[in-house]
Amino acid sequence: MKDNRQIFLIFLAYYGITCVTNIYFLFGPFYERMGASPQAVGLFLSIFYLVMLLCRPLGSVVMSGSIFGVR
């Protein structure tokens, strides 16, 4: 039962991250209204997607590795 709960929590975390990445581009105009320059907004959005790109392989290793052993 504990494994099912962990898998469900991982699914919810992954689903939440996917939802944020799909709507994240909408934050650009919001940041501009808050006073950020277009360059700062572009840098902030680029850093977010770069971090997502770098973290996804780590998530695969965690899921298929010795930590959870899910395949």
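Shown above is the structure to which this text applies.
(A) The arrangement of the overall build of the protein in detail. For the protein, the count of helices and strands is three helices and zero strands. Listing the helices and strands of the protein from first to last along the sequence gives α-α-α. With 71 residues in all, the protein has 10% of them scored as buried. Carbon and sulfur atoms provide 72% of the accessible area of the protein, an area that totals close to 5,900 Å².

(B) Up close: the nonpolar core. The biggest cluster of nonpolar side chains holds five residues, and these are Tyr24, Val41, Leu45, Phe48 and Met52. Other than its neighbours up to four places away in sequence, Met52 contacts Ile17 and Thr21.

(C) Local environment of the packing of aromatic side chains. Scanning the entire structure with this criterion turns up five aromatic pairs. With a centroid separation of 5.3 Å and an interplanar angle of 75°, the aromatic rings of Phe48 and Tyr49 are classed as edge-to-face. Pairwise contacts between aromatic rings join Phe27, Phe30, Tyr31 and Phe44 into one cluster.

(D) Summary view of the environment of Ile10. Here Ile10 is to be found in helix H1 (residues 2-23). Of the residues examined, Ile10 reaches a relative accessible area of 24% and is grouped as partly exposed.

(E) Main features of a nonpolar patch on the surface. A contiguous nonpolar surface patch, about 710 Å² in accessible area, is contributed by Ile23, Phe25, Leu26, Phe27, Phe30, Met34 and Tyr49. Mapped onto the secondary structure, Phe25 falls in the loop between H1 and helix H2 (27-33).

(F) A look at the layout of surface pockets. By volume, the largest pocket amounts to about 390 Å³. Considering the residues around the largest pocket, the lining is formed by Ile10, Ala13, Tyr14, Ile17, Met52, Cys55, Arg56, Gly59, Ser60, Val62 and Met63. A per-element tally of the lining of the largest pocket places helix H3 (residues 38-64) first, with seven residues. Per-class residue counts for the lining of the largest pocket are eight nonpolar, two polar and one charged.

(G) A look at the environment of Phe27. One can find Phe27 in helix H2. With relative accessibility at 30%, the residue Phe27 sits in the partly exposed group. Each C-alpha atom of the pair Phe27 and Leu45 lies 8.5 Å from the other, and the pair is 18 residues apart in sequence.

Cut-offs and rules
- Numbering of residues starts from 1 in each chain and follows the order in which that chain's sequence is written.
- Whole-chain, interface and lining totals are the exception, using all residues; otherwise, since this is a predicted model, local features are given only for residues with pLDDT of at least 70 and side-chain atom pairs are given and counted only at 80 or more.
- The side-chain values count all of the structure's non-hydrogen atoms but skip hydrogen atoms and water molecules.
- Helix and strand definitions here come from DSSP, where helices need a minimum of 4 consecutive H or I residues and strands a minimum of 2 consecutive E residues; each element is numbered from the N-terminal end.
- Using a 1.4 Å probe on the protein chains alone, a residue whose accessible area is under 20% of its type maximum counts as buried, one over 50% counts as exposed, and one in between counts as partly exposed.
- Per-residue and other accessible areas were derived by the Shrake-Rupley procedure at a 1.4 Å probe size, with only the shown protein chains allowed to occlude residues.
- Take the buried Ala, Val, Leu, Ile, Met, Phe, Trp, Tyr and Cys residues and link them wherever side-chain atoms come within 4.5 Å; each set so joined is a nonpolar core.
- Note on contacts: a residue pair is in contact if any heavy atoms of the two residues lie within 4.5 Å.
- Two rings from Phe, Tyr or Trp (for Trp, the six-membered ring) form a pair when their centres are within 6.5 Å of each other. A pair whose planes differ by under 30 degrees is stacked, one over 60 is edge-to-face, and the rest are tilted.
- Patches here: salt-bridge-free residues with over 30% relative accessible area, like charges joined within 9 Å, nonpolar side chains (Val, Leu, Ile, Met, Phe, Trp, Tyr) joined within 5 Å.
- The working definition used for a salt bridge is a side-chain nitrogen of Lys or Arg within 4 Å of a carboxyl oxygen of Asp or Glu.
- Method remark: on a 1 Å grid restricted to protein atoms, a set of points is classed as a cavity if a 1.4 Å probe fits but cannot get out and as a pocket if it is open with protein on both sides within 12 Å along at least five of seven lines; lining residues have an atom within 4 Å of a point.
- Grid points are joined across faces, edges and corners, and a volume is the space filled by probe spheres set on the points.
- Ten residues, namely Ala, Val, Leu, Ile, Met, Phe, Trp, Tyr, Cys and Pro, are considered nonpolar, four, namely Asp, Glu, Lys and Arg, are considered charged, and the remaining ones, Gly among them, are considered polar.

Geometric descriptors of this kind do not, in isolation, establish any biological role.
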